[in-house]
Amino acid sequence: MKEDKLHLNQLKALLKKDISLLFRKRVAIFIFGGPFILMFILIGLPALFTSQSAIVLLVHSEDIGYLDSNIGESIVGNISVYFDSDETMEVQLTDNLTKVLYTSELGYYIPTNFSEQAFTGSPITFTIDATLSPYTSSIFNVVQAIASNVMVTYLANRTIPPLQNYELPPESLSEELILGPKAAAIAMPLSYMIFLLIAMNSGSYSLIGFAREKRMRTMEILLSYTHNHSYLVISKVITGLVASLGSTLSYVLGIIVGTQLSGSNTSGLLEVFGLNLDKLAVGDIIISLIFVVIALLISTLITMAIDCNLTREASERVSPLISIGFAMFFYFVVMMNPFATSSALLINPFYWCYRLGLLLIAGVFSMELLLYFSLIIGLVALLIFLATRGIQKEKSLYLE
Amino acid sequence: MSEFMVKTVNLSKDFKMTRAVNRINIKIPKKSIYALLGPNGAGKTTTIRMILGLLKPSAGEVYVNGFNVSENPKSIRGQIGLLPQFSAAYYDLTPLQNIKFILALNNLTFDDVNVKITDYFEKLDIKPDLLQKPFTKLSGGEQRAISFVMAVITDKEFLIMDEPTSGLDIARAKYIRSIIKDLVEEEGKTILLSSHIVSDLEELAEYCGILKEGSLVFQGDKEEIINTYSPETKDFEDAIVNAFQAPVGSKSISPEVIK
């Protein structure tokens, strides 16, 4: 009992020391200030030097209609309604084709016979004018989707649809049918959060890991006084989690402040990751956040295991690469297809977290779920064992 | 219980192709100061690390206070106070935070040691405002003095001190020697000392073990080393220098000399 208390006190002391070191001036600026400053510079600063006014979409419809129906007019009306609540976009109607064609911003023109040709089934054209940036392309995708919707409704029912807010559906994926819309909605935000937090974590490895203890020559003291060496690892892992969560918070705040300066509406903390509270249940968001933390835990443990088993110089070089390598591979594959499954992904621990999170959110309790759960538990235990055994090896005492 | 705080039996350590420590038999009597001496690279640090249970011996045994460290390194964890050769502390923390951390690791609070630590601070001229500065802002001597306090304040029966007075001014070095003597004479501690400073050794060492090229070439009390290596001048420093220069095995004294 007395010994248990001593062990617990040692863990508390180690944790207090590691967390205190995290909040030292230089370290804190790097870990907690760095992401904020970076995102502020990337997003907010350009906004201070550029116009904060909304992008103008200049629209002109010459459509005279056909059989008392004017599809062009309806499209223009629907576009206006769609962008009405978007402060970054301003739809302006004009009666001059030249202005549309030579606008320095975005232009959209519907010709005179648009309704007639749509009605008779002839190919129809409209004109767009824009700079070819991905952002403006995405705006025209929206415009085109609205136009298609109006036309399809008209051709099917021979009635012009009323002005409405469009919910543009995402592309349907076969796996989505199995896991359901909830998992589909959270797939991209979850993979992004896992990747981002691991990327954030990797920057702080050299500041929180055992490499620093070796540099300060405090390893001997820690190893001599600490009864249970796994506490040394646990303390570092918890500190790593605090550091990366702090970094991420700083990153998010940087984006929020930056976007506020640029006049955009993105202000919610979860919205930065694409987590829309209107569409997702709070429980699902919590589950996904739990798996983000588990992925972080694995990432930190990988670092500790490498850090403890290699000499200082080698571990400082190798450990961030391994975690980031796994995370990048996972993210880029999943980004292409959120429901991708390949043998290369199956050996990726971050994919296990991601997939297990999706299965739980979808409520699919299968052998697959059990497999990923077992793999994660087994890996965490193995990494703690490797790290603890590593720091007891003589290499941990030597700088080079 | 063993009469020796430390006893090694044919202790050896190999690093790849190099034998760093070769079949040494050290015996450190309890409540004594034992100086482990030797030229640079003689194997002192490796021996100390094996005694601490941080390095696994390639062969032989280490016993600390009767526990077999080679078989079960966990058995002595937390039983030895350590003052490493370099000021091992968290440079971003203040001396007070460093001391509190070491105390907490040993299940002690600052209040538990308040009287004793205040006495050490007074003797070593450590002003209260110094304790609030980052460790990195202290001078080398101040850092060493704080490190010394961190090692002795944990109240361990057995203390290992590597160069305890290195980098200290004359006054602080004198007080540290006096504290070390008090720890043994008044509190019954056992101290393993590794030092190159002759004044420390002359004043403190009761027993000496001399390591050379990984082998223990001499072990005995101070008088014996003088009689063996400097019989004419009876000078302690000469005796140590002669012992360092003598070829391995030339004047080896049986390790059993410490009765």
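Residues numbered from 1 in each chain as written. Chains lettered and ligands numbered in written order. Predicted model: local features only at pLDDT ≥ 70, side-chain atom pairs only at ≥ 80, totals over all residues. Heavy atoms only, no water.

*Asks:* Looking at this structure, how should I read the packing of aromatic side chains?
*Replies:* Two numbers describe a pair of aromatic rings. These are the distance of the centres and the angle of the planes. Per the stated rule, a full pass over the model turns up 10 aromatic pairs over all chains. Judged by centre distance (6.2 Å) and plane angle (50 degrees), the rings of A:Phe195 and A:Phe332 are tilted. One end of the pair, A:Phe195, is in helix α7 (residues 174-203); the other, A:Phe332, is in helix α13 (residues 312-336), and 137 residues separate them in sequence. For A:Phe332, a relative accessible area of 37% translates into the label partly exposed. Between A:Tyr351 and A:Tyr354, the ring centres sit 6.0 Å apart and the planes meet at 40 degrees, which makes this aromatic pair tilted. Residue A:Tyr351 and its partner A:Tyr354 are both found in helix α15 (residues 349-362); the two are separated by 3 residues, about one turn of the helix. For the pair A:Tyr351 and A:Tyr354, a shared accessibility class is recorded, and that class is buried. One aromatic cluster in this structure is built from A:Tyr192, A:Phe195, A:Tyr331 and A:Phe332. We note B:Lys222 situated over the ring of B:Phe236; from NZ or CZ to the ring centre the distance is 5.7 Å. (Phe/Tyr/Trp six-rings, centres within 6.5 Å; stacked < 30°, edge-to-face > 60°. Helix = DSSP H or I, 4+ residues; strand = E, 2+ residues; numbered from the N terminus. Buried < 20%, exposed > 50% of the residue type's maximum accessible area, 1.4 Å probe, protein only. Lys NZ or Arg CZ within 6 Å of the ring centre and 35° of its normal.)

*Asks:* Sorry, what's going on with helix α1 (residues 44-51) of chain B here?
*Replies:* The periodicity of an α-helix, 3.6 residues per turn, causes residues three or four positions apart to be oriented the same way. Residues and elements named next belong to chain B. Counting buried positions along α1 yields 7 of 8 residues, so the element is predominantly enclosed. Restricting attention to buried positions, one finds in α1 the residues Lys44, Thr46, Thr47, Ile48, Arg49, Met50 and Ile51. Positive backbone phi, at 80 degrees, marks Gly53, one or two positions downstream of α1.

*Asks:* Please explain the interface of chain B and chain A as it appears in this structure.
*Replies:* As a measure of interface size, the accessible area lost when the parts come together is often cited. With 30 residues of chain B at the interface, the matching set in chain A holds 29 residues. A per-residue breakdown of the area chain B buries against chain A is headed by B:Arg77, B:Tyr90 and B:Leu105, which together make up 26% of the total. Inspection of the chain B/chain A interface yields 1 salt bridge. The salt bridge partner of A:Glu220 is B:Arg49, with a shortest N-O separation of 2.7 Å. Counting every contact that joins chain B to chain A gives 9 residue pairs in polar contact (both at pLDDT 80 or more). Counting residues per element, the ones that place at least two in the side of chain B that touches chain A are β1 (4-15), β7 (80-83) and α2 (95-105) of chain B. When residues in the side of chain B that touches chain A are grouped by element, the largest group, 5 residues, is from α2(B). A class-by-class count of the residues in the side of chain B that touches chain A yields 18 nonpolar, 6 polar and 6 charged. (Contact = heavy atoms within 4.5 Å. Buried area = accessible area lost by both parts, 1.4 Å probe. Salt bridge = Lys/Arg side-chain N within 4 Å of Asp/Glu carboxyl O. Polar contact = N/O pair within 3.5 Å; in protein donor to acceptor, adjacent residues only side chain to side chain. Nonpolar A, V, L, I, M, F, W, Y, C, P; charged D, E, K, R; others polar.)

*Asks:* I would appreciate a short explanation of the packing of helix α11 (residues 230-261) of chain A against helix α16 (residues 367-391) of chain A in the present structure.
*Replies:* When two helices pack together, their arrangement is given by the angle between the helix axes and by the axis-to-axis distance. Residue and element names in this part refer to chain A. Viewed as axis vectors pointing N to C, α11 and α16 meet at an angle of 120 degrees, and their least axial separation amounts to 8 Å. One way to sum up the angle between α11 and α16 is to call them oblique. When the axes of α11 and α16 are compared, the crossing they make is right-handed. Residue-level inspection shows Ser230, Leu232 and Val233 of α11 in contact with α16, the latter providing Ala387, Thr388 and Ile391. Considering only residue class, the contact of α11 with α16 consists of 4 nonpolar, 2 polar and no charged. (Axes fitted to C-alpha atoms, helices over the stretch in contact; angles between N-to-C directions. Parallel < 35°, antiparallel > 145°, perpendicular 65-115°, else oblique. Left-handed = near helix turned anticlockwise from the far one by under 90°.)

*Asks:* Explain the pattern of salt bridges here, please?
*Replies:* Pairs may arise between side chains of opposite charge once their charged atoms sit close together. Residues and elements named next belong to chain A. On inspection of all chains with the given rule, the structure shows 17 salt bridges over all chains. Between Glu213 and Lys17 there is a salt bridge, and its shortest N-O distance comes to 2.8 Å. One end of the pair, Glu213, is in helix α9 (residues 210-216); the other, Lys17, is in helix α1 (residues 2-22), and 196 residues separate them in sequence. A salt bridge links Asp18 to Lys236, with the nearest nitrogen and oxygen atoms 3.1 Å apart. Here Lys236 lies in helix α11 and Asp18 lies in helix α1, a separation of 218 residues in the sequence. A residue is classified by how much of its surface remains accessible, and Asp18, at 6% relative accessible area, is buried. Several salt bridges converge on common partners, so that one network encompasses Lys17, Asp18, Glu213 and Lys236.

*Asks:* Explanation requested: the packing of helix α12 (residues 282-309) of chain A against α16(A) in the structure shown.
*Replies:* Residue and element names in this part refer to chain A. Close contact between α12 and α16 brings their axes to 8 Å; oriented N to C, the two are set at 30 degrees. Viewed along their axes, α12 and α16 adopt a mutual orientation that is roughly parallel. With respect to the hand of their crossing, α12 and α16 are arranged in left-handed fashion. The segment α12 lies against α16, with Ile294, Leu297, Ile298, Leu301, Ile302, Met304, Ala305, Cys308 and Asn309 engaging Ile376, Leu379, Val380, Leu383, Ile384, Leu386, Ala387, Gly390 and Ile391. Residue composition of the contact of α12 with α16, by class: 16 nonpolar, 2 polar and no charged.

*Asks:* Explanation requested: unusual backbone geometry in the structure shown.
*Replies:* Excluding glycine, most residues fall at negative phi; most peptide bonds, likewise, are trans. Residues and elements named next belong to chain B. The residue Asp125 is not glycine, and still its phi comes out positive at about 55 degrees. When you line up the elements, Asp125 lands in the loop between α3 (114-123) and α4 (140-152). Residue class for Asp125 comes out partly exposed when judged on its relative accessible area of 43%. Although it is not a glycine, Asp155 sits at a positive phi angle of roughly 60 degrees. Its location among the elements puts Asp155 in the loop between α4 and β8 (158-162).

Don't take any of this as a statement about function, it's just geometry.
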